[in-house]
Amino acid sequence: MGKKLGEQTDLNSRLQRAKTARVADNEYPPNSHPKNQIRRVKDVEIAIPIVYGTVSFWLGKKADEYHSHKWTVYIRGATNEDLGVAIKRVVFQLHPSFNNPTRIIEAAPFELSETGWGEFEISMTIYFHSDVAEKQIELFHHLKLYPEDESGPQSTKKPVVIESYDEIVIAQPTESFYLRAGNHPAIVVSGASTGLSLPPPSGIANDNFSEKKRGDTKEHALGQWFLRHSEADELAQLTAARQQIQHHIMKLRRQVTSIEAEAQRMKSNSGQ
Ligand code: SLL
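Residues numbered from 1 in each chain as written. Predicted model: local features only at pLDDT ≥ 70, side-chain atom pairs only at ≥ 80, totals over all residues. Heavy atoms only, no water.

Undergrad: Quick question: what am I supposed to make of the nonpolar core here?
TA: The tendency in soluble globular proteins is for nonpolar side chains to be buried as a group. Core analysis: the largest hydrophobic core is formed by 40 residues, its most contacted members being Ile48, Trp71, Ile75, Ile122 and Ile126. Apart from residues lying up to four places away in sequence, Ile122 is in contact with Thr54, Trp71, Val73, Phe92, Gln93, Leu94, Leu139, Phe140, His141 and Leu143. Counting seven residues, the second largest nonpolar core, distinct from the first, contains Val51, Ala78, Tyr165 and Leu235. (Core = buried A, V, L, I, M, F, W, Y, C linked by side-chain atoms within 4.5 Å. Buried < 20%, exposed > 50% of the residue type's maximum accessible area, 1.4 Å probe, protein only. Contact = heavy atoms within 4.5 Å.)

Now the structure itself:
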């Protein structure tokens, strides 16, 4: 972690700067002062693997001069997990030729769709929940409408997809964020906290699909076009393994406690 994985951006070096900057008092988000109210978990690092990019379809017969393509820009969990666990809001800044070019998305999935005619750079500012206690970060993505090989005919069926993989790294997370989110599938924890153990992973209950809009992108309408990122797959496997181990440790701890209690009982009985 910490190595540059994105093909297009320099997120990690920006995060590195953010990490360094965080040491300064005035870098803490509102409500997190005084500083001693946030206990940070030493020796633990949290990574949130993300993918951001655009999927763009040519409109074919439906195209007009100003609306030749329909596109979607998004930030998603790298294995399509719900990023709402850490991210509160994403502000997408579009080209000034769009109506209301500043678009604020207040809940996962963090995405928006538009129609247009030209390519430009989209900026995305990610704001975190207050217990994450991290400054916002800004990412940039170049919207691409036209395929690299422009000799062939454009297709309305096959979109142009450009994605970048990266990781949001949080060194020494706050205790409250670590305890709240450490077992969430969008989160990868490395290092071990001495003294703080995570609650067992809650079986991400998604029974109430129909009533609740889902924040993950596992069954997204554009899902078939999302790219696979090998780093993301590896991390997802590690997370699953870590959760299994956590589960096992909890089970063993319970067994130890009950054996100890039994031993204590036998000891006090035989002492009588
Ligand atoms: C270009 N520098 O010249 C770029 C600018 C702007 C694209 C592209 C607006 C659509 C709308 C739109 O697509 N702007 O008016 O709704 O290629």
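After that view, the rundown keeps rolling.
Undergrad: How should I be thinking about the sheet that holds strand β4 (residues 102–105) in this particular structure?
TA: Neighbouring strands of a sheet are bound in pairs by backbone hydrogen bonds; such pairs are parallel or else antiparallel. On the basis of which strands lie adjacent, the open sheet formed by four strands has the order β4-β3-β6-β7 and antiparallel pairing. With partners counted over all chains shown, the strands left at the sheet margins are β4 and β7 (137–142), one partner each. Within this sheet the neighbouring strands show an average axis-to-axis angle of 20 degrees, counted without direction. In the sheet, strand β6 (residues 121–128) pairs with β7 via six bridges, with the strands oriented antiparallel. Each residue of the ladder has a partner; that of Ser123, found in β7, is Phe140. (Pairing = 2+ DSSP bridges. Helix = DSSP H or I, 4+ residues; strand = E, 2+ residues; numbered from the N terminus. Axes fitted to C-alpha atoms, helices over the stretch in contact; angles between N-to-C directions.)

Undergrad: Looking at this structure, I do not really get the site of the ligand. What am I missing?
TA: Residues in close proximity to the ligand include His67, His95, Ser97, Phe98, Thr115, Gly116, Trp117, Gly118 and Glu119, which together make up its full environment. Between an oxygen atom of the ligand and a main-chain N or O atom of Trp117, the distance comes to 2.9 Å. A distance of 3.5 Å is found between an oxygen atom of the ligand and a backbone nitrogen or oxygen belonging to Gly118. The protein chains hide 70% of the 450 Å² of surface that the ligand would expose on its own. Looking at side-chain class alone, the shell around the ligand contains two nonpolar, six polar and one charged residues. (Near = heavy atom within 4 Å. Polar contact = N/O pair within 3.5 Å; in protein donor to acceptor, adjacent residues only side chain to side chain. Areas by Shrake-Rupley, 256 points an atom, 1.4 Å probe, with all protein chains shown as cover. Nonpolar A, V, L, I, M, F, W, Y, C, P; charged D, E, K, R; others polar.)

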